[in-house]
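Chain by chain, the residues run as shown.
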Amino acid sequence: MSKQRQRIADAVIFVVLLLGGLTMLVPFLWMITTSFKEPGSLFDLPIQLWPEKLHWENYRRVLTAVPFARWYFNSLVLALGLTFLNLTSGALAGYAFARFSWKGKDAMFLLSLITLMIPAHVLIIPLFVIMSRLGWIDTYYALILPGLFDAFAIFLMRQNFISLPRELEEAALIDGATPWQIYWRIALPLAAPALATLGTFTFLGGWNAFLWPLIATNSIEMRPLTVGLAVFNTQFTTEWTVLMAGLSLATIPPIIVFLAAQKYFIRGLTLGSLKG
Amino acid sequence: MKRWMLAVGMLALVLGAGLGMARTTKVVVAGWGGESEIAMYQELLKKFNAAHPQIKAEFMHIPAKDYWTKITAMFAAGKAPDLFFTNNINFPALAAKGVARPLEPFIKKDDYDTGIFYQGILDAFRFEGKLYALPRDISNMVLYYNRDLLREAGLPDPDPDWTWDDFLRYAKALTKEEGGKRTQWGVSFYTYFLFWEPWVWSNGGRWYSPDHSKFLLNSPASVEGLQFYVDLRWKHHVAPTPAEAADRSAYSLFLGGKTGMIVDGRWRVPSLKKKAKFDWDIVPFPRGKAGSIVDIDGSGWAISRQSRNPDAAWEVLKFLAGPEGSLTFTRGGLIIPAIGFDPMNPDATSAILKAFFQPPPPRHQQYFLTVNKTAIPTETFERWSEALNLISKALGPVWEGKEDVQTALDKVAPAVQKILDEVQAERAKRK
């Protein structure tokens, strides 16, 4: 009886997930099919789901008409650099907030959280002023370094370190480990799921960033993909098919990152470090 | 040892002298545009630099999306480009902040003749009596029509002097119904202001009084004109309703042959040439009570106040806006040149006109130029976009057929008037 109900519930969940998944997939499919359409046929009626003939011209154009490879590289530098710095700073600061105590610690933590409440648009102009005084405009420094510290990363890592059982670290301490060894050998590996989550978020954030890279770069060569591809979206017209060809190629790294990080998400749920 | 030092010294001297000689004035030109336009800029500036060894002009491309955010940030940081591309719609707000230099001193110094440009587009770049930009291009509106659909409905090509009544007759004849459902409409329907202001103006209405002190969009002439436009959709049903258009844009309906006519700008020509599967042409906007009045808006370059080399910037500006620049951009096929025919400079200006008249369609390209005679610039002012936001929001229910024009505009009038009053006060303070 209860098994029967279980199976019905499973079926319902399955259908809901399937519908949800399809809804998520449609825009991607649309992007890919559009990238193979002839420029004029995009608005043909009735709507063509799949073009009669694969039109590779869009890919040729996006790869040759603009410095696509350079933009791709810039996007990778931006997203990976941001991810690396954010994971490092977030984990270190988060661990400090979770495990050490000093005067004014709570105030500092609160202060860092308050920065989450400042809308990004307010920061644009002051940041630009600082970056141009430093002479960093149109360099990778200006693209990446403003994202070096992120209150969300610190918060996420702190919460994660707090939730780890203190006993493990105490055991290491008794064995004579230094605080750094404890952090590096014990706490950090246990935080892998959180790092994977944070890393994915940061990577996607960096990969999708538009406004700041637009402000921070002047030359066409220093642009990441998001800003670069905007050249196909002009005042009055948008070259949808070429744009979608570029976007289809641009979607690959986020998918790889997600697939790579995925197993950590799952392991995070099943992780049991303390028994009995 | 000594020789070695001497060598280094010599090298330093030579390097220093070389650097000193190579010192040129740098002029950064910021602008938006697609990849073909970037190439045109680069080609032009290369030519300019070759002819002016003491100036090094450089193009800085900024995508149209968030162009103004970037420009604002650069001004705030004191790193503004020497020349920046702007349209007349966004310009007064910038000019009021004093970011650009008036061009009169430069014009006087060079005895430069601005008469080569259409008067209307120069007016569009005047702010508080001073000219701030030399124009590159003009955008205005004409009516595009699908000749195949007209022929199918037994309609001849519209007369260039046609009236609103003629237009309505055409629109009705082009509307088709099948089983109680509209399958084809007379005219595409836009709700963006550029597309409805000709209906206001051509009926004798205005947005504001000439000095922007009074809101006039809710005055009888303005309301009547705009209501005529709205009635196309909701009373005569010769334009698709939002539900009928679904997610298809006004332009894609025309391109797909679902509407017979569309009021639109020159920028549609390249796309129609490439994609339209029907015969098409253009005709001036139909005549209302006050004539056929569309907008003459456009874009051009202004010299920024922060430029450290305004004189060099002026040289670049003259080159870009002048015959050579105009010819290159006109050849690109995207723009209507702001330079008209100049009897003092017939060869250069007729080359531009020749470049503008590309092989048809449209057969009657001259209308893109003739309409400029009666056209007026959009009535922008310092806080134009704020007022526009209010007005656009108020018109929302009108486009959906839930409110009439008079009611909607009367409701928003006090708020817009308040902005106008504040602008008057700010202007008085600046003087």
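Note that this is a predicted model, so its numbers are computed, not measured.

1. Details of the interface of chain B and chain A
Now for step 1: Between chain B and chain A, the contact holds 28 residues from the first and 29 residues from the second.
Now for step 2: Interface area, chain B with chain A, both sides summed: about 2500 Å², of which 69% is carbon and sulfur.
Now for step 3: The largest contributions to the chain B side of the interface with chain A come from Glu35, Pro63 and Lys70 of chain B, which together make up 22% of the buried area.
Now for step 4: Remark: the boundary between chain B and chain A carries one salt bridge.
Now for step 5: A salt bridge links arginine 61 of chain A to glutamate 35 of chain B; the shortest N-O distance between them is 2.5 Å.
Now for step 6: Here chain B and chain A share six residue pairs in polar contact (both at pLDDT 80 or more) between them.
Now for step 7: Of all elements in the fold, only helix H2 (35-51), strand E2 (55-61) and helix H3 (67-76) of chain B reach the threshold of two or more residues within the side of chain B that touches chain A.
Now for step 8: Take the side of chain B that touches chain A: its biggest share by element is six residues, from H3 of chain B.
Now for step 9: Its residues assigned to classes, the side of chain B that touches chain A comprises 11 nonpolar, seven polar and 10 charged.

2. Points about the pairing of strand E12 (residues 297-303) of chain B
Residue and element names in this part refer to chain B.
Now for step 1: Of all seven residues in E12, seven are buried, a share of seventy percent or more.
Now for step 2: Taking every second residue as pointing to the same face, both faces of E12 are buried, with Asp297, Ser299, Trp301 and Ile303 on one and Gly298, Gly300 and Ala302 on the other.
Now for step 3: Judged from the five bridges that link them, strand E3 (residues 83-87) and E12 form a sheet pairing that is antiparallel. Bridge pairing links threonine 86 to glycine 300 in E12.
Now for step 4: Pairing of strand E6 (residues 133-139) with E12 involves six bridges; the strand directions are antiparallel. Paired with aspartate 137 across the two strands is serine 299, which belongs to E12.

3. Thoughts on the layout of surface pockets
Residues and elements named next belong to chain A.
Now for step 1: Its boundaries defined by the atoms lining it, the second largest pocket holds a volume of some 1100 Å³.
Now for step 2: If you go around the second largest pocket, you meet 34 residues; those closest to its centre are Leu123, Pro146, Gly147, Phe149 and Asp150.
Now for step 3: Listing elements by their share of the lining of the second largest pocket, those giving two or more residues are helix H3 (68-99), helix H5 (120-133), helix H6 (140-144), helix H7 (151-163), helix H10 (192-208) and helix H11 (211-216).
Now for step 4: Tallying contributions element by element places H10 first for the lining of the second largest pocket, with six residues.
Now for step 5: The class makeup of the residues in the lining of the second largest pocket is 24 nonpolar, nine polar and one charged.

4. Brief notes about the sheet that holds strand E10 (residues 259-264) of chain B
Neighbouring strands of a sheet are bound in pairs by backbone hydrogen bonds; such pairs are parallel or else antiparallel.
Residues and elements named next belong to chain B.
Now for step 1: In spatial order, the strands read E8-E9-E10-E7-E11; together these five strands make up an open sheet with mixed pairing. Both outer strands of the open sheet, strand E8 (176-178) and strand E11 (280-283), are each paired with one neighbouring strand and no more. Sheet twist, expressed as the average angle between the axes of neighbouring strands with direction ignored, equals 25°.
Now for step 2: As defined by bridge partners, strand E7 (residues 142-146) adjoins E10 across four bridges and the pair is classed as antiparallel. Paired with leucine 143 across the bridge in E10 is valine 263.
Now for step 3: Here helix H8 (residues 164-173) sits on the sheet and contacts E7, strand E9 (181-187) and E10; the angle it forms with E10, its principal contact strand, is near 140°.

About the criteria used
Residues numbered from 1 in each chain as written. Chains lettered and ligands numbered in written order. Predicted model: local features only at pLDDT ≥ 70, side-chain atom pairs only at ≥ 80, totals over all residues. Heavy atoms only, no water. Contact = heavy atoms within 4.5 Å. Buried area = accessible area lost by both parts, 1.4 Å probe. Salt bridge = Lys/Arg side-chain N within 4 Å of Asp/Glu carboxyl O. Polar contact = N/O pair within 3.5 Å; in protein donor to acceptor, adjacent residues only side chain to side chain. Helix = DSSP H or I, 4+ residues; strand = E, 2+ residues; numbered from the N terminus. Nonpolar A, V, L, I, M, F, W, Y, C, P; charged D, E, K, R; others polar. Buried < 20%, exposed > 50% of the residue type's maximum accessible area, 1.4 Å probe, protein only. Pairing = 2+ DSSP bridges. 1 Å grid on protein atoms, 1.4 Å probe; cavity = no way out; pocket = protein on both sides within 12 Å on 5 of 7 lines; lining within 4 Å. Points joined across faces, edges and corners; volume = space filled by probe spheres on them. Axes fitted to C-alpha atoms, helices over the stretch in contact; angles between N-to-C directions.

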